[in-house]
Structure formats: C-alpha cells, structure tokens
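Observations on chain architecture
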Amino acid sequence: MKNVKKILGVAMLLGLAAAYLSADESTKRYLNHVGKQVPYLPYRYFI
C-alpha cells in the first residue's frame, strides 16, 4: 500500500509538470501568480 501511494504521488507530480510545460504563456503567468500567493492564503480569511 505504501508503494502504491508513492507511485501515485510521483505520477501526479509528473502529470502536473507535463500540464504546466504544455500550457500557454498566459496560463503559466496565472499559475505563477497563484503559486506566489499560496503561503498567504490561510491568513487572508482570519478576521
């Protein structure tokens, strides 16, 4: 079971990398912008 999770994790990472590399420039810019905001997302909703 542990090996299956590891294989699925690697396959998912490879799939995400392939999707990113095949995306157009506009989508890459959007993903880069969202990626830079990820560390701050949880704190935006605390009031």
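Just so it is clear, the structure is predicted and the values come from calculations on it, not from any experiment.

Turning next to the overall build of the chain. Scanning the chain from N- to C-terminus turns up three helices and zero strands. Counted from the first residue to the last, the chain has its helices and strands arranged as α-α-α. Per-residue burial over the chain gives 4% buried out of 47 residues. Of the accessible surface of the chain, which amounts to about 4,700 Å², a share of 69% is contributed by carbon and sulfur atoms.

For Lys 28, the location among the structural elements is in helix α2 (residues 25–37). Buried and unpaired, Lys 28 has no salt bridge, with Glu 25 as the nearest side chain of opposite charge at 4.2 Å. Non-local contacts of Lys 28, meaning those with residues more than four positions away in its chain, are made with Tyr 20, Leu 21 and Ala 23.

Attention now moves to the packing of aromatic side chains. In total, this model carries zero aromatic pairs according to the counting rule given. Directly above the ring of Tyr 20 sits Lys 28, whose terminal nitrogen or CZ lies 5.5 Å from the centroid.

As for its placement among the helices and strands, Lys 36 is situated in helix α2. On the basis of relative accessibility, which here comes to 63%, the residue Lys 36 falls in the exposed class. Put simply, Lys 36 and Ser 26 are 10 residues apart on the chain and 16 Å apart in space, counted from C-alpha to C-alpha.

With 91% of its residues at a pLDDT of at least 70, the chain reaches an overall mean of 89. Of all the helices and strands in the chain, helix α3 (residues 41–44) carries the lowest mean pLDDT, 72, while helix α1 (residues 2–22) carries the highest, 95.

What counts, and at which threshold
Here the residue index of a chain counts from 1 through its sequence in written order. Owing to the predicted nature of the model, reporting of local features is limited to residues with pLDDT of at least 70; listing and counting of side-chain atom pairs is limited to 80 or more, with chain, interface and lining totals taken over all residues. To obtain the side-chain values, all non-hydrogen atoms of the structure were used and water was disregarded. Think of it this way: any DSSP run of H or I at least four residues long counts as a helix, any run of E at least two long counts as a strand, and we number them from the N terminus. Working definition: with a 1.4 Å probe on protein chains only, accessible area under 20% of the residue-type maximum means buried, over 50% means exposed, and in between means partly exposed. Working definition of accessibility: Shrake-Rupley area with a 1.4 Å probe, residue cover restricted to the visible protein chains. Charge counting treats Lys and Arg as positive and Asp and Glu as negative, with His and both chain ends excluded. Any Lys or Arg side-chain nitrogen located within 4 Å of an Asp or Glu carboxyl oxygen qualifies as a salt bridge. By the convention used here, residues are in contact when the closest approach between their heavy atoms is within 4.5 Å. A pair of aromatic rings is counted whenever rings of Phe, Tyr or Trp (Trp by its six-membered ring) have centres within 6.5 Å, and the orientation is called stacked for planes under 30 degrees apart, edge-to-face for over 60 and tilted otherwise. Only when the NZ of Lys or the CZ of Arg is both within 6 Å of the ring centre and within 35 degrees of the ring normal is a charge said to sit over the ring. The predictor reports its confidence for every residue as pLDDT, a score running from 0 up to 100.

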